[in-house]
Amino acid sequence: MSRLTSWLHERVPVDPEELRKPLKEPLPIHLKQWVFCLGGTPAMLFAILACTGILLTFYYVPYPAQAFASVTNITYKVRMGWFIRGIHKGASQLMIITVLLHMIRVFFTRAYRKPREFNWFFGVGLFMLTLTFAFTGYSLVYDQLSYWATTIGTNMIADFPVLGKPMLYALRGGATVNPNTLTRFYDFHIGVLPMAMSLLIGVHILMVRLHGVAKLEDDPRTETYPFFPDHMLKEVIIGLLLLIGLVNYVVFFPPGIGALATPGATPGHIRPEWYFFPTYRWLKMTSIGIGMAGTLCYVTGLFFWPFVDDVLEKIAPKRNLWLFVGTACYMVTIVFLLWEAIVG
Amino acid sequence: MNGTSNVEQSANQSPPSPRSRREFLADSFMAVGVMLGLGSLAFRFAQYLYPVILPERLVEVSAGKVTEIPAGGVRIVNLPEGPVILESVGTEIRAFSAICTHLGCIVQYHDDKKEFVCPCHGGRYDLDGKVTYGPPPRSLDVIDVKVKSDEVFVMMKTQKEEKV
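Everything numeric in this text was worked out from a predicted model, so none of it was measured.

Cut-off values and rules
- Residues numbered from 1 in each chain as written.
- Chains lettered and ligands numbered in written order.
- Predicted model: local features only at pLDDT ≥ 70, side-chain atom pairs only at ≥ 80, totals over all residues.
- Heavy atoms only, no water.
- Domains from an automatic or database assignment.
- Buried area = accessible area lost by both parts, 1.4 Å probe.
- Salt bridge = Lys/Arg side-chain N within 4 Å of Asp/Glu carboxyl O.
- Axes fitted to C-alpha atoms, helices over the stretch in contact; angles between N-to-C directions.
- Helix = DSSP H or I, 4+ residues; strand = E, 2+ residues; numbered from the N terminus.
- Contact = heavy atoms within 4.5 Å.
- Nonpolar A, V, L, I, M, F, W, Y, C, P; charged D, E, K, R; others polar.
- Core = buried A, V, L, I, M, F, W, Y, C linked by side-chain atoms within 4.5 Å.
- Buried < 20%, exposed > 50% of the residue type's maximum accessible area, 1.4 Å probe, protein only.
- Pairing = 2+ DSSP bridges.
- Disulfide = S-S within 2.5 Å.
- Expected span 1.5 Å × (residues − 1).
- 1 Å grid on protein atoms, 1.4 Å probe; cavity = no way out; pocket = protein on both sides within 12 Å on 5 of 7 lines; lining within 4 Å.
- Points joined across faces, edges and corners; volume = space filled by probe spheres on them.
- Phe/Tyr/Trp six-rings, centres within 6.5 Å; stacked < 30°, edge-to-face > 60°.
- Lys NZ or Arg CZ within 6 Å of the ring centre and 35° of its normal.

## Topic: the domain arrangement of chain A
All names here are of chain A.
Then, number 1: Examined at the domain level, chain A breaks down into domain 1 (3-270) and domain 2 (278-344).
Then, number 2: The junction of domain 1 with domain 2 conceals about 1,800 Å² of combined surface from both sides, 76% of it contributed by carbon and sulfur atoms.
Then, number 3: Considering only the side of domain 1, the residues that lose the most area to domain 2 are Phe107, Phe121 and Met156, jointly responsible for 29% of the buried surface there.
Then, number 4: Counting across the domain 1 and domain 2 interface gives three salt bridges.

Put into structure tokens, the structure is as follows:
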């Protein structure tokens, strides 16, 4: 042990070997395939979002009279402001895509089954947090889309039985969408949600470590390979590719801004960002009660899917009912998304 | 330390003594105290976050001149208390809230089809404010109108504080 190491060890009495242990964790051989390396990408994107988000707060003003002007300032006047905002916006969209892809991979490999049910809960929680992040994020721009998305989104809460109105008032900070609403959304976006997200990502990774990476069903291979450096390098390559993709996307499609929010006039043909298209299409087709109940059922079913899978297995063993039900749900979601995207 | 010595050590240890009633009561009081303390603190935090909601009251607001509403037509006015549809039907003036009863967007008037359309989820209403298509759960809210010497006044709900 060198003098510096022993000096440091005296002050931080942690065995370096203990720190190296997680890096040496053996991983099942199937993780060498790229499709199984998707789990790390949302975490990397979250780091990018945190960095660019902090940079955006240097110029953003969370008050209705100045919010739109400050976003315009960031986009068109601040040096490299368009780039920082573009990366933030692009990374948020990419995060939703990568979380979805990771969830689909976990679903079709049934990696959520006993004893990993809790980690599926945390995963669905992270997906919901990602969507809440996106919703509160685009509400901050304070253009027409922001304002009306906030109005619709918060009005939906009012239809919850009993607690609807109190929840609506608490979220809006008043009876209608008002300056408090923007401040609250801002607080959620830069304070509450990042804290919750960091905590859940930590627990999610911890659970993966405690259980070990799930082995593939029907895969007889027992070989393993180390997390470091082999798997780590793969993750680094994915991270670099993400960055290259994001930078190019922003250069070719720099972020714009819509018209200033006008509380007195809803613009024609308004609709939310693409990731809310399935819910939006569903709400168009049904009454508010059925719309909300259906959405709640879908989210509850997604959340408790590991147990739904067990029940389906008991109803018809070896019939792969989980695959039919799950695929049907995915197909309906995709059909609604495309329907809204194409027909509008 | 090997396995055998572990077994020996545990064999030598006396079984844990049961907690006395006094200890149990002390722990219970402590737990209840901590829960009450944290609960009341959380309640104060919730009170701080919950906004002051003033009771709704009706105010009489001017919505412009009668002549500003096209004869047999429709005019949508944006008042500080909310957007209002004014309709001229014969000699009568009718008013509806322009807020869609589905999720709160503001409806637009389509003169060619003589209907109000919500741009958010596609709800449609006829000139009587009744739902003709889409997800709105009920008709547009009717607003009381008064005409005083060529000026239209509407009775609007507001939660703003009264000027003294």
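## Some words on the packing of helix α7 (residues 144-157) of chain A against helix α8 (residues 164-172) of chain A
For any two helices packed against each other, the geometry comes down to the angle between their axes and how far apart the axes lie.
Residue and element names in this part refer to chain A.
Then, number 1: The geometry of α7 relative to α8 is characterised by a closest axis approach of 7 Å and an angle of 145° between their N-to-C directions. The segment α7 lies against α8, with Thr151, Thr154, Asn155 and Ile157 engaging Gly164, Met167, Leu168, Leu171 and Arg172.
Then, number 2: Among the residues making up the contact of α7 with α8, the classes are represented as four nonpolar, four polar and one charged.

## Section: the nonpolar core
Then, number 1: Counting residues in each nonpolar core, the largest one holds 80 residues, and the members touching the most others are Tyr60(A), Trp120(A), Met197(A), Ile85(B) and Val107(B).
Then, number 2: The element contributing the most residues to this core is helix α6 (residues 117-139) of chain A, with eleven residues.
Then, number 3: Excluding residues within four positions of it along the chain, Ile85(B) makes contact with Val74(B), Arg75(B), Ile76(B), Arg94(B), Ala95(B), Phe96(B), Ser97(B), Ala98(B), Val107(B), Phe116(B) and Leu140(B).
Then, number 4: Core analysis: the next-biggest nonpolar cluster, separate from the first, contains 14 residues, Ala63(B), Ile69(B), Leu79(B) and Met156(B) among them.

## Focus: the pairing of strand β4 (residues 92-97) of chain B
Residue and element names in this part refer to chain B.
Then, number 1: Across six bridges, the pairing between strand β3 (residues 82-89) and β4 is antiparallel. Each residue of the ladder has a partner; that of Ser88, found in β4, is Ile93.
Then, number 2: Two successive antiparallel strands, β3 and β4, enclose a turn made up of two residues, where Gly90 displays a positive phi of approximately 60°.
Then, number 3: Two strands pair when backbone bridges link them, and β4 and strand β9 (residues 142-143) are joined in this way by two bridges, in the antiparallel orientation.

## Details of the pattern of salt bridges
Once their charged atoms are close, side chains differing in charge can pair, the charge on each being opposite to the other.
Residue and element names in this part refer to chain A.
Then, number 1: What the rule picks out here adds up to 23 salt bridges over all chains.
Then, number 2: Linking Arg113 and Glu217 is a salt bridge whose minimum nitrogen-to-oxygen distance equals 3.3 Å. Separated by 104 residues along the polypeptide, Arg113 in the loop between α5 (81-108) and α6 and Glu217 in the loop between α9 (179-211) and β2 (224-226) bring together distant segments of the chain.
Then, number 3: Residue classification places Glu217 among the partly exposed residues on the basis of a relative accessible area of 40%.
Then, number 4: A salt bridge links Arg271 to Glu340; the nearest nitrogen and oxygen atoms lie 3.6 Å apart. Residue Arg271 is located in the loop between α10 (227-252) and α11 (277-285), and its partner Glu340 is located in helix α14 (residues 321-342); the two are separated by 69 residues in the primary sequence.
Then, number 5: Judged by its relative accessible area of 32%, Arg271 falls in the partly exposed class.
Then, number 6: Residues participating in the shared-partner salt-bridge network are Arg110, Arg113, Glu217, Asp309 and Glu313.

## Description of the environment of Pro80(B)
Then, number 1: Along the polypeptide, Pro80(B) turns up in the loop between β2 (74-79) and β3.
Then, number 2: The sequence separation of Pro80(B) and Gly90(B) amounts to ten residues, and the corresponding C-alpha distance is 28 Å.

## Structural notes on the state of the cysteines
Note on terminology: a disulfide is the covalent bond linking the sulfur atoms of two cysteines.
Residue and element names in this part refer to chain B.
Then, number 1: What the rule picks out here adds up to one disulfide over all chains.
Then, number 2: The residue that forms a disulfide with Cys105 is Cys120, at a sulfur-sulfur distance of 2.0 Å. One quick way to see it: the torsion about the S-S bond of Cys105 and Cys120 is about -95°, and its sign makes the bridge left-handed. Linking Cys105 in the loop between β4 and β5 (108-110) with Cys120 in the loop between β6 (115-117) and β7 (124-125), this pair joins segments that are 15 residues apart in sequence.

## Considerations on helix α4 (residues 64-76) of chain A
Residues three or four positions apart in an α-helix share a direction because the helix packs 3.6 residues into each turn.
Then, number 1: The end-to-end C-alpha separation of α4(A) is 19 Å, in line with the 18 Å expected for 13 residues at 1.5 Å each.
Then, number 2: Where the residues of α4(A) are buried, they touch α3 (40-57), α5 and α9 of chain A.

## A few points about empty space enclosed by the protein
Residues and elements named next belong to chain A.
Then, number 1: Under the definition given, this model contains two cavities of 30 Å³ or more.
Then, number 2: Each pocket or cavity is described by its volume, and for the largest cavity that value is around 60 Å³.
Then, number 3: Of all the secondary-structure elements, those providing two or more residues to the lining of the largest cavity are α7 and α9.
Then, number 4: Considered class by class, the residues forming the lining of the largest cavity number five nonpolar, three polar and no charged.
Then, number 5: Size it by volume and the second largest cavity reaches roughly 30 Å³.
Then, number 6: Along its surface, the second largest cavity is lined by Pro28, Ile29, His30, Lys215, Leu216, Asp219 and Arg221.
Then, number 7: Class assignment of the residues belonging to the lining of the second largest cavity gives a composition of three nonpolar, one polar and three charged.

## Considering the packing of aromatic side chains
Residue and element names in this part refer to chain A.
Then, number 1: Under the criterion given, the structure shown has 27 aromatic pairs over all chains.
Then, number 2: Judged by centre distance (6.2 Å) and plane angle (85°), the rings of Tyr142 and Tyr147 are edge-to-face. Just as Tyr142 is buried, Tyr147 falls in that class too.
Then, number 3: Between the aromatic rings of Trp282 and Phe336, the centroid separation amounts to 6.4 Å while the plane-to-plane angle is 25°, which identifies the pairing as stacked. Taken together, the positions of Trp282 in helix α11 and Phe336 in helix α14 put the pair 54 residues apart, joining distant regions of the chain.
Then, number 4: Look at Trp282 and you get partly exposed, because its relative accessible area is 24%.
Then, number 5: Looking at Phe336, the relative accessible area reads 14%, which means it is buried.
Then, number 6: Taken together, Phe107, Phe108, Tyr112, Trp120, Trp305, Trp322 and Tyr330 form an aromatic cluster joined through their ring pairs.
Then, number 7: Positioned above the aromatic ring of Tyr225, the side-chain terminus of Lys32 is 5.1 Å from the ring centre.
Then, number 8: In this structure, Arg209 is placed above the aromatic ring of Phe227, and the distance from its NZ or CZ to the ring centre is 4.7 Å.

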